Amino acid sequence: MPERSLVSVIIIFLNEETFIQEAIESVFAQTYENWELLLVDDGSTDHSTDIARQYAENHPGKIRYLEHEGHQNRGMSASRNLGISHADGQYIGFLDADDVWLPNKVEEQVAILDSAPEAGLVCGRSQWWYSWTGIPADSLRDFVQSLDVPLDTLVQPPTLLRVFLKNEWASLHDIVVRREMVEAVGGYEESFCGMYEDQVFHAKLCLRYPAFVSTVSWCRYRQHPGACTARSHETGSTCSARNTFLKWLEDYLGRQGVKDETLWEVVQKELWPYHHPNLARISRQIRKFFRR
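This text gives an overview of the structure that appears in the document. Everything quoted here is computed from the prediction, not taken from an experiment. (Residues numbered from 1 in each chain as written. Predicted model: local features only at pLDDT ≥ 70, side-chain atom pairs only at ≥ 80, totals over all residues. Heavy atoms only, no water.)

As for the overall build of the chain
This is how it is decided: Strands here mean DSSP runs of E at least two residues long; helices mean DSSP runs of H or I at least four residues long; both are numbered from the N terminus. As a reference, a globule follows 2.2 Å times the number of residues to the power 0.38, and the radius of gyration itself is taken over C-alpha atoms. Accessibility here uses a 1.4 Å probe with only protein chains present; expressed as a share of the type maximum, an area under 20% marks a residue as buried, one over 50% as exposed, and anything in between as partly exposed. Contacts were defined at the residue level, with two residues in contact if any of their heavy atoms lie within 4.5 Å. Computed with a 1.4 Å probe, the accessible areas rest on the Shrake-Rupley method; for each residue, only the protein chains presented here act as cover. The charge count includes Lys and Arg as positive and Asp and Glu as negative, but it does not include His or the ends of the chains. Lys charges are placed at NZ, Arg charges at CZ, Asp charges at CG and Glu charges at CD.
Scanning the chain from N- to C-terminus turns up twelve helices and twelve strands. Here the chain has a C-alpha radius of gyration of 19 Å; the compact-globule value for 292 residues is 19 Å, and the two agree. Seen along its three principal axes, the alpha-carbon backbone of the chain occupies a region of about 60 × 40 × 40 Å. Scored against the burial criterion, the 292 residues of the chain give a buried share of 51%. For the chain, the proportion of contacts with a sequence separation of at least 24, taken over those separated by at least 6, is 78%. Accessible surface, the chain as shown: approximately 14100 Å² in total, 51% of it carbon and sulfur. Side-chain charges in the chain split into 29 positive and 41 negative, and the spacing between the mean points of these groups amounts to 10 Å.

Concerning the packing of aromatic side chains
Selection criterion: Two rings from Phe, Tyr or Trp (for Trp, the six-membered ring) form a pair when their centres sit within 6.5 Å of each other. Planes less than 30 degrees apart are called stacked, planes more than 60 degrees apart edge-to-face, and all others tilted. Consider the ring centre and the ring normal. A charge sits over the ring if Lys NZ or Arg CZ is within 6 Å of that centre and within 35 degrees of that normal.
Tallied over the entire structure, the rule returns eleven aromatic pairs. On the basis of an interplanar angle of 15° and a centroid distance of 4.9 Å, the ring pair of Trp248 and Tyr252 is categorised as stacked. Residue Trp248 and its partner Tyr252 are both found in helix H10 (residues 238-255); the two are separated by four residues, about one turn of the helix. A network of ring pairs unites the aromatic residues Phe28, Trp35 and Tyr55 as a single cluster. Note that Arg220 overlies the ring of Trp129, its terminal NZ or CZ placed 5.4 Å from the centroid.

Describing the sheet that holds strand S12 (residues 219-222)
Two pairing modes exist for strands in a sheet, parallel and antiparallel, and in both the strands are linked by backbone hydrogen bonds. Heads up, the rule is: A strand pair is defined by DSSP finding two or more bridges across the two strands.
Spatial ordering of the open sheet is given by S5-S12-S7-S8, a layout of four strands whose pairing is mixed. Of all the strands in the sheet, just strand S5 (100-101) and strand S8 (143-144) have a single pairing partner and so form its edges.

A few points about the sheet that holds strand S9 (residues 153-155)
Put simply, the rule is: Structural elements are reduced to axes, namely lines fitted to C-alpha atoms, with helices fitted over the stretch in contact, and the angle between N-to-C directions of any two is expressed from 0 to 180 degrees.
The mixed open sheet is built from eight strands, whose spatial order is S3-S2-S1-S4-S10-S6-S11-S9. The sheet is open, and its two edges are formed by strand S3 (63-67) and S9, each paired on a single side. Across the sheet, the mean angle separating the axes of adjacent strands is 25° when strand polarity is ignored. Bridge count between strand S2 (residues 35-41) and S3: five bridges; the pairing is parallel. Paired with Leu37 across the two strands is Ile63, which belongs to S3.

Description of unusual backbone geometry
In this structure, the amide linkage connecting Pro157 to the following residue, Pro158, adopts the cis form with an omega of 0°. Relative to the assigned elements, Pro158 resides in the loop between S9 and helix H6 (159-166). Notably, His71 is not glycine yet its phi reads approximately 60°, a positive angle. In this structure, His71 sits in the loop between S3 and helix H3 (76-86). Taking relative accessible area as the criterion, His71 reaches 26% and is therefore assigned partly exposed. Not every positive phi belongs to a glycine, and Tyr196 is a case in point at roughly 75°. Inspection of the secondary structure puts Tyr196 in the loop between helix H7 (179-184) and helix H8 (197-208).

Some thoughts on the side chain of Ser48
Put simply, the rule reads: Here a polar contact means two N or O atoms within 3.5 Å. Within protein one must be a hydrogen donor candidate and the other an acceptor candidate, and residues neighboring in sequence count only if both atoms are side-chain atoms.
Tracing the chain through its elements places Ser48 in helix H2 (residues 48-58). Accessibility expressed as a relative area gives 0% for Ser48, which makes it buried. Of note is the side chain of Ser48, whose polar atom sits 3.4 Å from the backbone nitrogen of Glu16. Discounting residues that sit within four places of it in the chain, Ser48 has contacts with Phe13, Asn15, Glu16, Glu17 and Ile20.

Notes on the nonpolar core
The nonpolar side chains of a soluble globular protein tend to be buried, and buried together. Defined as follows: To form a nonpolar core, buried Ala, Val, Leu, Ile, Met, Phe, Trp, Tyr and Cys residues must be joined to one another through side-chain atoms within 4.5 Å.
Judged by nonpolar contacts, the single largest core of 52 residues is most densely connected at Phe94, Leu160, Leu165, Leu205 and Phe245. Considering each element in turn, this core owes the most residues, seven residues, to H10. Leave out the neighbours within four places in its chain, and Phe94 touches Ile10, Arg80, Ile84, Trp101, Ile175, Val177, Tyr188 and Phe201. Within the second largest apolar cluster, 32 residues are counted, among which are Val7, Ile24, Ala116 and Cys219.

What about the environment of Ala211?
Along the chain, Ala211 falls in strand S11 (residues 211-213). The exposure class assigned to Ala211 is buried, which follows from its relative accessible area of 2%. Those residues in contact with Ala211 that lie beyond four places of it in its chain are Leu121, Thr153, Leu154, Val155 and Leu160.

A closer look at the pattern of salt bridges
Heads up, the condition is: Here, a salt bridge means any Lys or Arg side-chain nitrogen found within 4 Å of an Asp or Glu carboxyl oxygen.
All chains considered together, the criterion is met by 15 salt bridges. Ionic pairing is found between Arg141 and Asp138, a salt bridge with its closest N-O pair at 3.5 Å. Each of the salt bridges in this network shares a partner with another, and the network as a whole consists of Glu36, Arg64 and Asp88.

What follows is the structure in structure tokens.
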């Protein structure tokens, strides 16, 4: 019986001592056994560095600890690229240090990619996970994201890109991608250190490659105040970050010679409030008035 494909799992982390062990253990819990785990430290100053090093020491050949030269903090994209550069797998999966995979995730996603060679990546519908706190009220807040595309089938580019541009709740959090596709799009854009670094990468993939989108939920996307997205909303920097992302995408589509009119319409519609902030503010006030 031929050896099953190696899957490289990349976890980047910065001061995640509270959650990183649970993320790592969810990889160990996988029913699929042919995986390697790369723990990429983005300059942590808490005990998460010690936790990651200990796992690597206890599981040589299975887990590797990586860090930037001088234990620098270089941002999320540079850290993911460091992991990619050391990955040996045919397939690559990305797990955030505060999230959790369900045990059958890798097994089922690899089976899909093995059976659909034309698919560049596979993704499921993540669970927005509030109930991890154990607070009864939080259990009522959990939900599984909806994706406005045909499910359990191949979605041709750039359909998935249009979907998550129009609805940020539809952003991808759970993908396994073929290594050659990661390399072909140049990995992550290191100018994006935090917010939207994943959407930039996903945009490049979804622009070029078919994706198999499953009805299954394989990932628990933990919601907590220390998460990058939560901090961005708290500091009011989300709007600026989205503007930067959309301007990057507009430039990227132009450089790639993309002609898809529907995609361009979506991008321009999303950029309109940033190009015309006063008109956008008046429009919001009018809509608010008529809703009342």
